[in-house]
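Chain by chain, the residues:
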Amino acid sequence: MILYNAVVHTINQNNEIAEAVLLEGNRITFVGSNQEVLALAKKNTQKIDCKGKALLPGFIDSHVHLSMGDMIWSGVDLSREAGVHTISDILEKMKKYAKKYPEKKLLVGNQLNPMALKENRYPTRFELDAVFPDVAVYLGFSNGHNAVINTKLMEEVNYFVNPEKFPDEDVILNQEGNPDGCFKENGLHPIREYVMPKRTKAESLELVKKAVSYLHTVGITSVHDAGGICSPMFLEEISEELDMRIYPMQIGITDWDVSKSVENFRKVGTRKFHYGPLKLFVDGSAAAGTCATREPLSDTEAVHPLTTQIFCLEKAMLEADEGQCQFTGHAVGDRAIETMLKGYELVARADGDEKPNARNRIEHCFLCPDDLLDWIAKLGVIPTFNPAFLPIWGEAYRVHYGERCNRIIPIQAALDRKIMCTIASDWPCIQNASPLKGIASAMNRKINEWDRLGVAQGISLEDALRCITFNGAYAEYKERDKGSLEVGKWADLVLLDSKFEDKTPEEIGDMQVDMTIFDGKIVYQRK
């Protein structure tokens, strides 16, 4: 296959621009001018005229939840984009859903963002009870860390019988000291387990295939799976049926998890699948205001704890390092990031190296001031940033973190320090996984039409493209096989609907994918 007459962003060491690419089998065999590449055509070579559009390496999303698409595909969409602006809108949408499906004993809504509502809050269980006294209701927040439920569901999950299953700090109380129906973090886990549909293997496979098909429409050909309904072992089992390169993080809690993760990580893997790092959760959510911070939140003056014991975290880090296994952690607040870096420093001292060679990571790395960025640079840690969060939860960030917002998602400061960082969507915690949306947010830092957060942290298009391609490959040790358009690399490419030249960040965010090529074959073509 030849793709010619394109603006080919090679993302090679010199960020060279070419005109055409030759694919043979599942590899790139030549990159150069139209004349050079077309001269290599054989009798049956497929030739695609790109008509001056941008051609790039397939996007690598370094933090998605591949098997959690039901967060946005099931139940009722309660997002602002779905026309939800008030609590009354929520209740009306849920009533219509209940009327349409009278047989349902559980009503599920998703993508609720309280800060996007006129009331600037979520509906309480008492408001839900007034409309739904006899059927269970679960409304999941778009941040993935909170949900509000009614009294009926609280009874079904045995909250009033076994309240010890729900940590006090994760149950929101009203002014009278009673639960208002909102649960977060560890308090939400037993509720999620109850409401989550039980799937057969065939159903799980179809769910993942649906996710892969969607990700193709936005040009993604590789994902780092950050955990979900399907285990890494299941993803390995079905990987040959998927047109996606998968690098799953291995969620760990026990000693067995560490040893098994090390064993898995050291497996050779295939073109489509290889095991990723051991991952622990160190704190909560930025949007929910539940992350672990050095200073109290600006609105409530709350200081939230770490979600894992420091001893357990450091023990897991040391054992992973001893087995030459990459490590990562969900760390959002500056206290959580600092805790992870102390652990990585411990690993470095144990190795006798100033900089560990395991390419250890930090997921989200949201509230990260200069002293922590300096430490990240020193240790060679790879932070994964989520700039597409800004237009969705930026207003909540301003409320929770005040002046600290000037240094949230500090991508430019990281690049200034030569830190190898990646950009990721965290789909389906956000509905639109388009890397182009993330690139636009990384450039303009907009939270709405008139406001931006941390303008100085805006980055160039060139840097953003590298973060979503080559750097993602580096973060999984695959920079020799993908992440740039160079001879010998896998034939994963994305063709956009136009070129970048003279476009504003907003216009870049609105660009569409015309074609996605995976492993040398076209897997998506826009109609």
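Residues numbered from 1 in each chain as written. Predicted model: local features only at pLDDT ≥ 70, side-chain atom pairs only at ≥ 80, totals over all residues. Heavy atoms only, no water.

S.K.: Describe the sheet that holds strand E15 (residues 220–225), with residues and values.
M.R.: As summarised here, the arrangement of the three strands in space is E8-E15-E16, forming an open sheet in which the pairing is parallel. Pairing within the sheet leaves two strands with one partner each, and these edge strands are strand E8 (59–64) and strand E16 (245–248). Here the average twist between neighbouring strands, direction ignored, is 20°. Taken together, the four bridges between E8 and E15 define a ladder with parallel strand orientation. From the neighbouring strand, Val 64 faces E15, where its bridge partner is Asp 225. (Pairing = 2+ DSSP bridges. Helix = DSSP H or I, 4+ residues; strand = E, 2+ residues; numbered from the N terminus. Axes fitted to C-alpha atoms, helices over the stretch in contact; angles between N-to-C directions.)

S.K.: Lay out the side chain of Ser 142 with the relevant residues and their values.
M.R.: Summarising the element assignment, Ser 142 is placed in the loop between strand E11 (136–141) and strand E12 (146–149). Taking relative accessible area as the criterion, Ser 142 reaches 4% and is therefore assigned buried. Within the structure, Ser 142 has its side chain in polar contact with the side chain of Trp 393 (distance 3.0 Å). The residues touching Ser 142, leaving out its near neighbours within four places in the chain, are Gln 111, Leu 112, Asn 113, Trp 393 and Cys 429. (Buried < 20%, exposed > 50% of the residue type's maximum accessible area, 1.4 Å probe, protein only. Polar contact = N/O pair within 3.5 Å; in protein donor to acceptor, adjacent residues only side chain to side chain. Contact = heavy atoms within 4.5 Å.)

S.K.: Account for the sheet that holds strand E1 (residues 2–4), with residues named and values stated.
M.R.: Taking strand neighbours across the sheet as the criterion, the four strands line up as E5-E4-E1-E6 in an open arrangement whose pairing is mixed. One side of each edge strand has no neighbouring strand; the edge strands of this open sheet are strand E5 (27–32) and strand E6 (47–49). When the angles between neighbouring strand axes are averaged without regard to direction, this sheet yields 15°. Here E1 pairs with strand E4 (residues 20–24) via two bridges, running antiparallel.

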